[in-house]
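Report on the structure
So you can see what is in the structure, the chains are spelled out below.
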Amino acid sequence: MTQEDVEKRHRILRSLREQLEHHPAIMSAWGSPDGQYAELEADVDPAQFGRGGESASLRVTWQPNPHLPPKTSLDDRRRTSLTSNFKILYSESSGFDCGVHLEPNPHVDGHLHYQERASPTDEYDYDEVSLAATAPAGVLWEALEIIADRLRQT
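What counts and what doesn't
Position numbers for residues count from 1 along each chain, tracking the sequence in the order it is written. Two thresholds apply to this predicted model, a pLDDT of at least 70 for residue-level local features and 80 or more for giving and counting side-chain atom pairs, whereas whole-chain, interface and lining totals are computed over all residues. With hydrogens and water set aside, each side-chain value is computed from the structure's full complement of heavy atoms. In this text, helices come from DSSP runs of H or I with a minimum length of four residues, and strands from runs of E with a minimum of two, each type numbered from the N-terminal end. Burial status follows relative accessibility: with a 1.4 Å probe on protein chains alone, a residue under 20% of its type maximum counts as buried, one over 50% as exposed, and anything between as partly exposed. A 3.5 Å cut-off defines polar contacts: any pair of N or O atoms within that distance qualifies, except that in protein one atom must be a possible hydrogen donor and the other a possible acceptor, and neighbouring residues in sequence count only when both atoms are side-chain atoms. Contact definition: two residues touch when any of their heavy atoms are within 4.5 Å. Remark: nonpolar core denotes a set of buried residues (Ala, Val, Leu, Ile, Met, Phe, Trp, Tyr, Cys) joined through side-chain atoms within 4.5 Å. Between Lys or Arg on one side and Asp or Glu on the other, a salt bridge is scored when a side-chain nitrogen of the former is within 4 Å of a carboxyl oxygen of the latter. Under the convention used throughout, the expected extent of a helix is 1.5 Å for every residue step, that is, one less than its residue count.

In this fold, Glu 39 is placed in strand S2 (residues 39–44). A relative accessible area of 18% places Glu 39 in the buried class. Engagement of the side chain of Glu 39 in a polar contact is seen with the side chain of Arg 59, the distance being 2.7 Å. Once residues within four sequence positions are removed from consideration, Glu 39 is found in contact with Leu 13, Trp 30, Gly 31, Ser 32, Arg 59, Val 60 and Thr 61.

Here's what the structure looks like:
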């Protein structure tokens, strides 16, 4: 990753942290490492999603200019026009986790998907999702809505 990519990732994640601070389910959000964010973490109130767990967290990563593995290309991005990779992962203290990811994954058709598992020892279930947003803040809000909808169904 070039220094320019590192700086761009930090700027994007810093703006996403500010967005998270406005979400009603987010109790606190922070980036790490300080001054050069590689990821965001947040404490989440699971009751805001109709969940009964003790505690929950959110982890967000963003790669503005990802290197795609051999035999993959931006044509594999189906259901979105984004060129960045990201993960928006919700986890509960019970071990349940789910999230929206845009990254190469041999288990799904196209790079954009929703994944969910009941516990760390279970296999993930994968579903296709689509995103209309093209800017990081819009992607975050849209992904959080997808996660919220799924959490209310489980």
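Moving on, we get to the nonpolar core. In this structure, Leu 20, Leu 58, Val 60, Phe 86, Ile 88, Tyr 90 and Val 100 are the most contacted members of the largest nonpolar core, which totals 37 residues. Elements with a minimum of two residues in this core: helix H1 (3–20), strand S1 (26–32), S2, strand S3 (56–63), strand S4 (85–92), strand S5 (97–102), strand S6 (112–117) and helix H2 (136–153). In terms of residue count, the dominant contributor to this core is H2 (eight residues). In contact with Leu 20, not counting residues within four places along its chain, are Ile 26, Ala 29, Leu 40, Ala 42, Leu 58, Val 60, Leu 140 and Leu 144.

Turning to the pattern of salt bridges, a few remarks are in order. Per the stated rule, a full pass over the model turns up six salt bridges. Residue Asp 97 is joined to Arg 117 by a salt bridge in which the shortest nitrogen-to-oxygen separation is 2.9 Å. Residue Asp 97 is located in strand S5, and its partner Arg 117 is located in strand S6; the two are separated by 20 residues in the primary sequence. What makes Asp 97 buried here is its relative accessible area of 5%.

On to H2, then. For H2, with 18 residues, the first-to-last C-alpha span of 26 Å sits near the 26 Å given by 1.5 Å per residue. Taken together, the buried residues of H2 touch H1, S3, S4, S5, S6 and strand S7 (125–127).

Note that every value here comes from positions in space, so none of it alone points to a role or purpose.
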